[in-house]
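# Breakdown of the fold
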Amino acid sequence: MSVHVHLATNEADYAALGALVREYVEWCRARFAQDVWLINEALSHQSLDRELESLATRYGPPGGKAFLARRDGEIVGCGAYRRRSDEYCEMKRLFVPDRYRGHSIGRKLCDAIIASAREDRFKLMRLDTAAQMSEAVSLYEAIGFKRCAPYNDYPERLMPHMVFMELALDNG
């Protein structure tokens, strides 16, 4: 069946986004159980609990946009971006649960997020992820993201585990 990506616009959409972000956290803790300190410290540094209380404010207009992917009416993935300056935005919270992988859902979400950021006239999109997230890094590289210098300040012991990437959005 086909996957449809749509913009989060209402309370139910943001509740679904929150549920997927919580599932992502649990997935990370299970997958990287041997490095759970890394996951916990990164999410704590990002103030994830506060973020989950204010998803519509953090990722809704005018400062950002959140997207949900649906297949047969079921939500199968999410992603968002937020304004960091007039020039660039940051991709955040891209996640497709294991049970839905293998259908290019992550790629479709990325395409929608990037297209929307271009429409919003950002010149650059950045993201960060853990180096251990090899599938994510491969997807971002396949889309055209390049590694870049750190633009977020994480605690010193996390920095060796972080990958920072950016994608030029201007079409000229």
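Residues numbered from 1 in each chain as written. Predicted model: local features only at pLDDT ≥ 70, side-chain atom pairs only at ≥ 80, totals over all residues. Heavy atoms only, no water.

## Quick look at the overall build of the protein chain
Secondary structure summary: the protein chain contains six helices and seven strands in total. Mapped in sequence order, the helices and strands of the protein chain form the string β-α-α-α-α-β-β-β-α-β-α-β-β. The C-alpha atoms of the protein chain give 15 Å as radius of gyration, which agrees with the globular expectation for 172 residues (16 Å, within 12%). If you line up the protein chain on its principal axes, its C-alpha atoms span 40 × 40 × 30 Å. Restricting to contacts in the protein chain with at least 6 residues of sequence separation, those with at least 24 account for 65%. Here the protein chain has roughly 8800 Å² of accessible surface; of this, 48% comes from carbon and sulfur atoms. Charge separation in the protein chain, taken as the distance between the mean sites of 24 positive and 25 negative side-chain charges, equals 2 Å. (Helix = DSSP H or I, 4+ residues; strand = E, 2+ residues; numbered from the N terminus. Rg over C-alpha atoms; globule rule 2.2 N^0.38 Å. Contact = heavy atoms within 4.5 Å. Areas by Shrake-Rupley, 256 points an atom, 1.4 Å probe, with all protein chains shown as cover. Lys, Arg positive; Asp, Glu negative; His and termini not counted. Charge placed at Lys NZ, Arg CZ, Asp CG, Glu CD.)

## Some details on unusual backbone geometry
The linkage connecting P61 with the following residue, P62, adopts the cis geometry, with an omega of 5°. With respect to the helices, strands and loops of the structure, P62 is situated in the loop between helix 4 (55-59) and strand 2 (64-71). The phi angle at D72 is positive, at roughly 55°, despite the residue not being glycine. For D72, a relative accessible area of 58% corresponds to the exposed category. Look at R93: it is not a glycine, yet its phi comes out positive at around 55°. Of note, R93 is situated in strand 4 (residues 88-95). (Buried < 20%, exposed > 50% of the residue type's maximum accessible area, 1.4 Å probe, protein only.)

## Considerations on the side chain of D128
Summarising the element assignment, D128 is placed in strand 5 (residues 124-130). Despite being buried, D128 has no salt bridge partner; K92 is the closest side chain of opposite charge, sitting 4.8 Å away. Looking at D128, its side chain comes within polar contact range of the side chain of N152, at 2.7 Å. Of the polar contacts made by the side chain of D128, one reaches the side chain of Y154; its length is 3.0 Å. (Salt bridge = Lys/Arg side-chain N within 4 Å of Asp/Glu carboxyl O. Polar contact = N/O pair within 3.5 Å; in protein donor to acceptor, adjacent residues only side chain to side chain.)

## Some remarks on the nonpolar core
Counting 28 residues, the largest nonpolar core has M91, M125 and F145 as its most contacted members. Elements that contribute at least two residues to this core include exactly strand 1 (3-7), strand 2, strand 3 (74-83), strand 4, helix 5 (105-119), strand 5, helix 6 (134-143) and strand 7 (162-168). Among the elements that make up this core, the one with the highest residue count is helix 5 (six residues). In this view, M125 contacts Y81, C89, M91, I113, I114, A117, F145, M165, E166, L167 and L169; residues no more than four positions away in its chain are not counted. By size, the runner-up hydrophobic cluster in this structure holds 24 residues, among which are I39, L43, L52 and C78. (Core = buried A, V, L, I, M, F, W, Y, C linked by side-chain atoms within 4.5 Å.)

## A short note on the pairing of strand 2
The buried count for strand 2 comes to seven of eight residues, which makes it a mostly enclosed element. Where strand 1 and strand 2 come together, five bridges link them in antiparallel fashion. The partner of L7 across the bridge, within strand 2, is F67. Two strands pair when backbone bridges link them, and strand 2 and strand 3 are joined in this way by eight bridges, in the antiparallel orientation. Each bridged residue has a counterpart across the sheet, and for K65 the counterpart in strand 3 is Y81. Linking strand 2 to strand 3, which pair antiparallel, is a turn of two residues; within it D72 sits at a positive phi near 55°. (Pairing = 2+ DSSP bridges.)

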